[in-house]
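For reference, the chains in residue letters:
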Amino acid sequence: MKLSSLPRKLKRGMPYLGKELRAIVSDHTPLFIAKPRTVHIWRGAPCNAKCIMCDYGFLKGDALRAISRSEFTDDMMPRALDQIAELCGRGTLVSYMGGEPTVNRCVMDWVEQAGKLGLDFRFTTNGYTMTEEMAQRFVAAGLFNVGVSLEALDPKINEIIRPHFNGTVKTIRAIELILQERQRQKKFVSINVKTVLTDVNLESFLEIVKRWGKVDGMMCTPQAFEPMSNMPPETKELLYIKDVKRLERVVEEIRRLKRDGYAIHVTEQGLNEVLKLYRDDKNKNSTMHGAKMEMDPSEPDCNIGTDNMWIEHGMVKLCPYHPPIGNFMTETDRTLKQMWESEMTKRIREQTRGCRRMCTISCLRRTPIVHKVSTFLKIA
Ligand SMILES: C[S@@+](CC[C@H](N)C(=O)[O-])C[C@H]1O[C@@H](n2cnc3c(N)ncnc32)[C@H](O)[C@@H]1O
Ligand code: SF4
Ligand code: SF4
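To start, this report covers the structure provided alongside it. Only a predicted model underlies this, so the values are computations on that prediction, with no experimental measurement involved.

This part is about the site of ligand 3. Surveying the vicinity of ligand 3 reveals 12 residues, the closest of which are Cys 302, Cys 319, Cys 355, Cys 359 and Ile 361. Looking at the shell around ligand 3 residue by residue, the class counts come to seven nonpolar, three polar and two charged.

Structure follows, in structure tokens:
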């Protein structure tokens with residue numbers, strides 16, 4: 001981190017710190033004063049690719065059409081952003097996920113609106129459609145953070161998982177364009193390179209880390225492969241990590257690179273959970289979507305519901321695995337703020353605290369404050 005960027009990071013970080021304090025009070029005393037720090041907007045939307053590990057890659061016909069559209073339509077987003085700003089104020093990440101975001105023409109408007117409202121907007125992209133003009137507009141609009149998915153620097157490996165013509169070159173170019181643009185505009189947008197750890201590309205993640213993990217404002221995230229239940233068995237077989245010892249070696253190397261100052265976005269607990277998943281799940285039957293695996297009873301309570309909110313296909317939730325606290329599409333007379341503060345939400349929040357599910361959301365919960373601060377200093 002450059003010293004000259006510290007004032008900007010501190011200015012941007014103060015509202016997050018305020019929220020962190022509210023969350024601590026809310027988790028440890030009867031007083032609940034927390035507000036969402038991250039609002040996740042998840043919806044069905046089209047994608048321009050067919051990665052083999054993803055629903056968009058293997059679903060067909062009606063099933064594919066179902067995930068490519070949403071009842072939560074584009075025109076509902078501006079109202080959602082206004083209400084998120086009303087409930088959460090500054091120091092809020094709005095994390096958008098729906099197919100491939102850059103193929104939606106409205107995304108640029110949402111980034112601009114979020115910027116004006118003081119919200120920090122982010123999304124993840126495959127980068128295939130990124131042009132110079134697009135990068136220029138995203139950076140100018142105040143995009144806070146962009147995830148770019150890449151499984152390997154080597155096209156021969158990356159394109160097994162992400163089969164797309166010239167895909168690797170396009171994705172790497174997207175990263176370079178954003179870097180170039182933020183340099184040119186002297187504005188800041190952080191970049192998070194995301195890699196799914198599979199049997200095909202396990203060590204490739206380490207190469208990605210070595211390429212970008214020390215660039216200011218860049219970080220690399222290892223994502224646990226989810227062998228979804230409806231995935232073709234041959235894909236599951238291909239991608240599932242067979243040799244736990246090999247995974248252990250890579251995890252050890254990730255720890256070493258972290259110690260050497262490479263920005264890798266994963267906690268020690270996150271790494272241990274991936275290892276546990278592979279050690280315990282010998283038959284590849286459980287998916288992290290499924291409810292079959294449980295956390296160790298010694299693990300602390302889940303506090304996801306303290307400072308996270310989802311709008312998932314228009315349903316407002318504290319966690320995707322728990323019942324909704326409202327319906328954004330039909331309950332137009334109730335705001336997100338009213339939903340967050342309702343009695344029913346209190347009851348559902350209690351349920352989420354006691355939840356023992358081993359889930360991929362787990363990387364968002366119970367993150368030590370030191371990790372949060374160091375992550376923030378990298379992305380802000
Ligand atoms: C579903 S994509 C949507 C955003 C965008 N289209 C992209 O590819 O970056 C979001 C992230 O989920 C990851 N992903 C997809 N299928 C997965 C799986 N089976 N297990 C783990 N991560 C997966 C992708 O690699 C990507 O980083
Ligand atoms: S680009 Fe993203 S949404 Fe599309 S198939 Fe690949 S992982 Fe799935
Ligand atoms: S443990 Fe996972 S599924 Fe359960 S409430 Fe927390 S984040 Fe949600």
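There's plenty left to go through after this.
Near ligand 2 you find Cys 47, Ala 49, Lys 50, Cys 51, Cys 54, Tyr 56, Gly 57, Gly 99, Glu 100 and Asn 126, and these make up its full shell. Class assignment for the residues of the shell around ligand 2 results in five nonpolar, three polar and two charged.

For an α-helix the count is 3.6 residues per turn, leaving residues at separations of three or four pointing the same way. With 16 residues, helix H11 (residues 244-259) extends 23 Å between its outermost C-alpha atoms, agreeing within 8% with the 22 Å of an ideal straight helix rising 1.5 Å per residue. All buried positions along H11 are accounted for by Leu 247, Val 251 and Ile 254. Burial along H11 is one-sided: seen end-on, the buried residues are contained in an arc of 55 degrees. Exposed and facing more than 90 degrees away from the buried side of H11 are Lys 245, Glu 252, Arg 256 and Arg 259. Buried-residue contacts for H11 involve strand E6 (218-224) and helix H12 (268-280).

If you walk across this open sheet you meet the nine strands as E6-E5-E4-E3-E2-E1-E7-E8-E9, and the pairing is mixed. Of all the strands in the sheet, the pair left with one neighbour each is E6 and strand E9 (326-327). Where strand E5 (residues 190-197) and E6 come together, seven bridges link them in parallel fashion. When the sheet's bridge partners are listed, Ile 191 is paired in E6 with Met 218. Docked against the sheet, helix H4 (residues 77-88) engages strand E1 (38-42), strand E2 (93-97) and strand E7 (308-312), running at close to 160 degrees with respect to E1.

Conventions used here
- The written sequence of each chain sets the order in which its residues are numbered from 1.
- A letter from A marks each chain and a number from 1 marks each ligand, given out in the order of writing.
- The model is predicted, so local features are restricted to residues of pLDDT at least 70 and side-chain atom pairs to those at 80 or more, both for listing and for counting; the totals for chains, interfaces and linings are taken over all residues.
- Should the C-beta atom of a residue, placed from the backbone, lie within 6 Å of a molecule or strand, that residue is near it.
- The residue classification treats Ala, Val, Leu, Ile, Met, Phe, Trp, Tyr, Cys and Pro as nonpolar and Asp, Glu, Lys and Arg as charged. All others, Gly included, are polar.
- Numbering of helices and strands starts at the N terminus; helices are DSSP runs of H or I of at least 4 residues and strands are runs of E of at least 2.
- Here, expected helix span is obtained from the residue count minus one, scaled by 1.5 Å.
- Exposure classes come from backbone-placed C-beta atoms, where a residue is buried if 20 or more other C-beta atoms lie within 10 Å of its own, exposed if 12 or fewer do, and partly exposed in between.
- The arc refers to the directions leading from the helix axis to the C-beta atoms.
- By definition, residue pairs are in contact when their C-beta atoms, positioned from the backbone, come within 7 Å.
- Here, strands pair whenever DSSP counts at least two bridges between them.
- Axis angles are defined between N-to-C directions and span 0 to 180 degrees, where every axis is a line fitted to C-alpha atoms and, for a helix, only to the segment in contact.

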